[in-house]
Amino acid sequence: MPETIETQQTAPAGRVRIENVERTFSTQEGPRTVLRDLDLDVNSGEIIAIVGPSGCGKSTLLRLVGGLDSPTEGAITIDEDRIRAHDDHTAIAFQEPRLLPWRTIAQNVALGLPRGTRGRQAKERVAELLELVGLTHAADQRPREVSGGMAQRASLARALARSPRVLLLDEPFGALDALTRLKMHDLLLEIHRAQPTTIVLVTHDVEEAIYLADRVLMLRNLHATDAEPERPRAKVVALGSSSGIGALGSARTSESPHETAVKTRPTNGSIARLVSVPGTRPRDRGARAFTDLRTGLLDGLGVHKHITKENA
Ligand SMILES: Nc1ncnc2c1ncn2[C@@H]1O[C@H](COP(=O)(O)OP(=O)(O)OP(=O)(O)O)[C@@H](O)[C@H]1O
């Protein structure tokens, strides 16, 4: 893997506007609304992480932004253009790398190139991408001959091949071992520095969200009986008092530019919280500044911290 990636390329656009989006599926039991009243602007070059309980619609939202599905209500645009089916402005990578086993790593990456890219141009672009993800040495290997982390890096390179304005990542590191996952986080940040594409990242990992994202969007499960998990508010206020995480239902204004801004929607829509992560990347994973943010997000997911005398 290269130590640093030096080429700073022009930032593509990639402003995503999600307006009043609803997605209702027809099921045997009748219509089932998975996403509702979803309004969100993702800035050009921003990394936004989407977290939320299982089934709250994270992947559905990603599919909508990628043009793999359409909203029942509302609209999604990228740089003012309405998303089309299999939109060329976006590229998506999943938890499983989904590489073609009979093709080499280089050939798999080449599959992501924009249509019509051929010959020398294609070769050079693939070589550049392989270098970007540290896979030059594995160009001629087949997927079964490389590790899970390498396969995931190839999948990332394939997604980047068409220079998408928006890169959509659906739990991309979820199947990797802990150490490889940490390395992939740093690789993603290096790639983002070199090619500051807008990134929408679905993850179950709150640490990953805080380490990588500018903002964390927490969705709620519209169908859970405990859509807002049972939680003693006083505890959250106490734990969140020195960070931007406030009690549920209370929007608050940041007092310092580094303080976390929290917007809590008073609607019964899909957005439970939208949180800005303080500080610039790369972040210190162990920084105390994130303790309350982490606790608040986990609490919002129904994972409660035990209060001890030390942290009360
Ligand atoms: N095509 C479909 N038809 C009917 N229901 C669907 C369809 N696609 C998704 N759903 C339902 O929508 C809900 C949200 O699914 P989605 O995969 O977006 O959730 P998620 O938050 O990504 O979940 P997880 O964290 O478990 O991956 C689920 O209840 C799922 O069964």
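Residues numbered from 1 in each chain as written. Predicted model: local features only at pLDDT ≥ 70, side-chain atom pairs only at ≥ 80, totals over all residues.

Under an unreviewed UniProt entry, the chain has the name ABC transporter ATP-binding protein and belongs to Leucobacter denitrificans.

Draft legend 1. Highlighting the site of the ligand. Around the ligand lies a shell formed by Phe25, Thr27, Val34, Gly52, Ser54, Gly55, Cys56, Gly57, Lys58, Ser59 and Thr60. Where the shell around the ligand is concerned, the elements lending two or more residues are strand 1 (16–27) and helix 1 (58–65). Among the elements that take part in the shell around the ligand, helix 1 stands out by supplying 3 residues, more than any other. (Near = placed C-beta within 6 Å. Helix = DSSP H or I, 4+ residues; strand = E, 2+ residues; numbered from the N terminus.)

Draft legend 2. Just the sheet that holds strand 5 (residues 81–82), in detail. Pairing is antiparallel across the open sheet formed by 4 strands, whose spatial order is 2-1-4-5. Both outer strands of the open sheet, strand 2 (30–42) and strand 5, are each paired with one neighbouring strand and no more. Together, strand 1, strand 2 and strand 4 (73–78) form the strand contacts of helix 1, whose direction differs from that of strand 1 by roughly 120°. (Pairing = 2+ DSSP bridges. Contact = placed C-beta atoms within 7 Å. Axes fitted to C-alpha atoms, helices over the stretch in contact; angles between N-to-C directions.)

Draft legend 3. Representation of helix 1. Counting buried positions along helix 1 gives 6 out of 8 residues, so the element sits mostly inside the fold. Taken together, the buried positions of helix 1 are Lys58, Thr60, Leu61, Leu62, Leu64 and Val65. Once helix 1 ends, the next one or two residues include Gly67, with phi positive near 75°. (Buried ≥ 20, exposed ≤ 12 C-beta atoms within 10 Å, placed from the backbone.)

Draft legend 4. Layout of the confidence of the model for the chain. Averaged over all residues, the pLDDT of the chain is 82; the fraction at 70 or higher stands at 80%. Across residues 1–9, confidence stays below pLDDT 50; counting only partners more than four residues off in sequence or on other chains, it has 12 contacts. Of the regions scoring below 50 in pLDDT, residues 227–266 engages in 69 contacts with residues more than four places distant in sequence or in other chains. Quick note on the complex model: pTM equals 0.83, ipTM equals 0.98. (pLDDT = per-residue confidence, 0-100.)

Draft legend 5. Representation of the nonpolar core in the model. In terms of nonpolar packing, the biggest core is built from 74 residues, with Ile50, Val65, Val109, Ala157, Val200, Leu201 and Val216 touching the most fellow members. Taken together, domain 1 (16–89 + 164–300) and domain 2 (99–162) each give at least three residues to this core, which thus spans both. When near neighbours in sequence (up to four residues on either side) are disregarded, Leu201 contacts Ile47, Ala49, Ile50, Leu169, Leu212 and Ala213. (Core = buried A, V, L, I, M, F, W, Y, C linked by C-beta atoms within 7 Å. Domains from an automatic or database assignment.)

Draft legend 6. Representation of helix 5 (residues 178–194). The end-to-end C-alpha distance of helix 5, which contains 17 residues, comes to 25 Å, matching closely the 24 Å that a straight helix rising 1.5 Å per residue would cover. All of the buried residues along helix 5 are Met184, Leu187, Leu188 and Ile191. The buried residues of helix 5 occupy one face: seen down the axis, they fall within an arc of 105°. Exposed and facing more than 90 degrees away from the buried side of helix 5 are Ala178 and Leu179. (Expected span 1.5 Å × (residues − 1). Arc of directions from axis to C-beta.)

Draft legend 7. Structural context of the environment of Arg220. Counting through the fold element by element, Arg220 comes out in the loop between strand 9 (215–219) and helix 7 (233–240). The exposure class of Arg220 is buried, given the 23 C-beta atoms found within 10 Å. Distance in space between the C-alpha atoms of Arg220 and Glu96 is 25 Å, their sequence separation being 124 residues.

Draft legend 8. Expanded view of the environment of Ala93. With respect to the helices, strands and loops of the structure, Ala93 is situated in strand 6 (residues 90–93). Residues Ala93 and Leu160, 67 residues apart in the sequence, show an inter-C-alpha distance of 9.4 Å. Among all residues touching Ala93, those that are not within four sequence positions of it are Ser155, Leu156, Ala159, Leu169 and Pro172.

Draft legend 9. Main features of unusual backbone geometry. With omega at -5°, the peptide bond leading from Arg281 into Pro282 counts as cis. With respect to the helices and strands, Pro282 occurs in the loop between strand 11 (271–276) and helix 8 (291–300). Phi at Asp79 takes a positive value of approximately 50°, unusual for a residue other than glycine. With respect to the secondary-structure elements, Asp79 resides in the loop between strand 4 and strand 5.

Draft legend 10. Geometry of the pairing of strand 3 (residues 47–51). With respect to burial, strand 3 is a largely interior element, 5 of its 5 residues being buried. Burial along strand 3 is two-sided: the residues Ile47, Ala49 and Val51 and Ile48 and Ile50 are all buried. Bridge count between strand 3 and strand 8 (residues 198–202): 4 bridges; the pairing is parallel. Bridged to Ile48 within strand 8 is Val200. With 4 bridges joining them, strand 3 and strand 9 adopt parallel strand pairing. Of the residues in strand 9, the one forming a bridge with Ile48 is Arg215.

Draft legend 11. Inspection of the domain arrangement of the chain at higher detail. In terms of domain boundaries, the chain breaks down into domain 1 (16–89 + 164–300) and domain 2 (99–162). If you look at the interface, domain 1 gives 14 residues, while domain 2 gives 9 residues. Here the side of domain 1 that touches domain 2 gets 6 residues from one element, more than from any other, and that element is helix 5. Among the residues making up the side of domain 1 that touches domain 2, the classes are represented as 10 nonpolar, 2 polar and 2 charged. (Nonpolar A, V, L, I, M, F, W, Y, C, P; charged D, E, K, R; others polar.)

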